[in-house]
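Here's the letter readout for the chains.
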Amino acid sequence: MEKIVCPTCRKDMGEHDEWQSYLCLEKFVKVATNPVAYGSVRKIVCPMCKKDMSEHNQEQTTECLNKFIKQVTGKSS
Ligand SMILES: [Zn+2]
Ligand SMILES: [Zn+2]
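This one's a predicted model, so the numbers in the text were calculated from it and none came from an experiment.

### Details of the overall build of the protein
In terms of regular secondary structure, the protein is built from 2 helices and 0 strands. In the protein, 31% of the contacts between residues at least 6 apart in sequence involve partners at least 24 apart.

Following this line, the structure appears as structure tokens:
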């Protein structure tokens, strides 16, 4: 199975327990959808398409985030 690097803490997603995955995803979604509010100067690389998150429009952001959340949380299904 492909390794997924957590976009929030940069660790292997497989090393996260369920709660930590949830926290990291939650934080990532917030920053990715509203980088201005977080004054994020750090580039956020999309874990799905590997592009800069700021190059995504709203629709792409939503799509990539949904895919990512599914990939991270839906391992067994
Ligand atoms: Zn993490
Ligand atoms: Zn993307």
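### Regarding the environment of Q71
By secondary structure assignment, the location of Q71 is in helix α2 (residues 58-73). Measuring from C-alpha to C-alpha, the distance between Q71 and I4 comes to 8.9 Å, with 67 residues separating the pair along the chain.

### Digging into the packing of helix α1 (residues 18-33) against α2
Where α1 contacts α2, the axes come no closer than 11 Å and their chain directions differ by 175°. Relative to α2, the element α1 lies roughly antiparallel. Residue-level inspection shows S21, L25, V29, A32 and T33 of α1 in contact with α2, the latter providing T61, L65, I69, V72 and T73. Of the residues assigned to the contact of α1 with α2, the class counts are 6 nonpolar, 4 polar and no charged.

### Details of the nonpolar core
Within the largest apolar cluster, 7 residues are counted, these being L25, F28, A32, C46, M53, L65 and F68. Within the residue set of this core, elements represented by two or more residues are α1 and α2. Element by element, the count of residues in this core is highest for α1, at 3 residues. In this structure, L25 is in contact with I69 and V72, ignoring residues within four places of it in sequence.

### Description of unusual backbone geometry
Only a minority of non-glycine residues have a phi that is not negative, and only a minority of peptide bonds are not trans. Positive phi values are uncommon outside glycine, yet R10 reaches one of about 70°. Counting through the fold element by element, R10 comes out in the segment before α1. Backbone geometry at K50 places phi at a positive 65°, although glycine is not the residue there.

Rules and cut-offs
- Residues numbered from 1 in each chain as written.
- Chains lettered and ligands numbered in written order.
- Predicted model: local features only at pLDDT ≥ 70, side-chain atom pairs only at ≥ 80, totals over all residues.
- Helix = DSSP H or I, 4+ residues; strand = E, 2+ residues; numbered from the N terminus.
- Contact = placed C-beta atoms within 7 Å.
- Axes fitted to C-alpha atoms, helices over the stretch in contact; angles between N-to-C directions.
- Parallel < 35°, antiparallel > 145°, perpendicular 65-115°, else oblique.
- Nonpolar A, V, L, I, M, F, W, Y, C, P; charged D, E, K, R; others polar.
- Core = buried A, V, L, I, M, F, W, Y, C linked by C-beta atoms within 7 Å.
- Buried ≥ 20, exposed ≤ 12 C-beta atoms within 10 Å, placed from the backbone.

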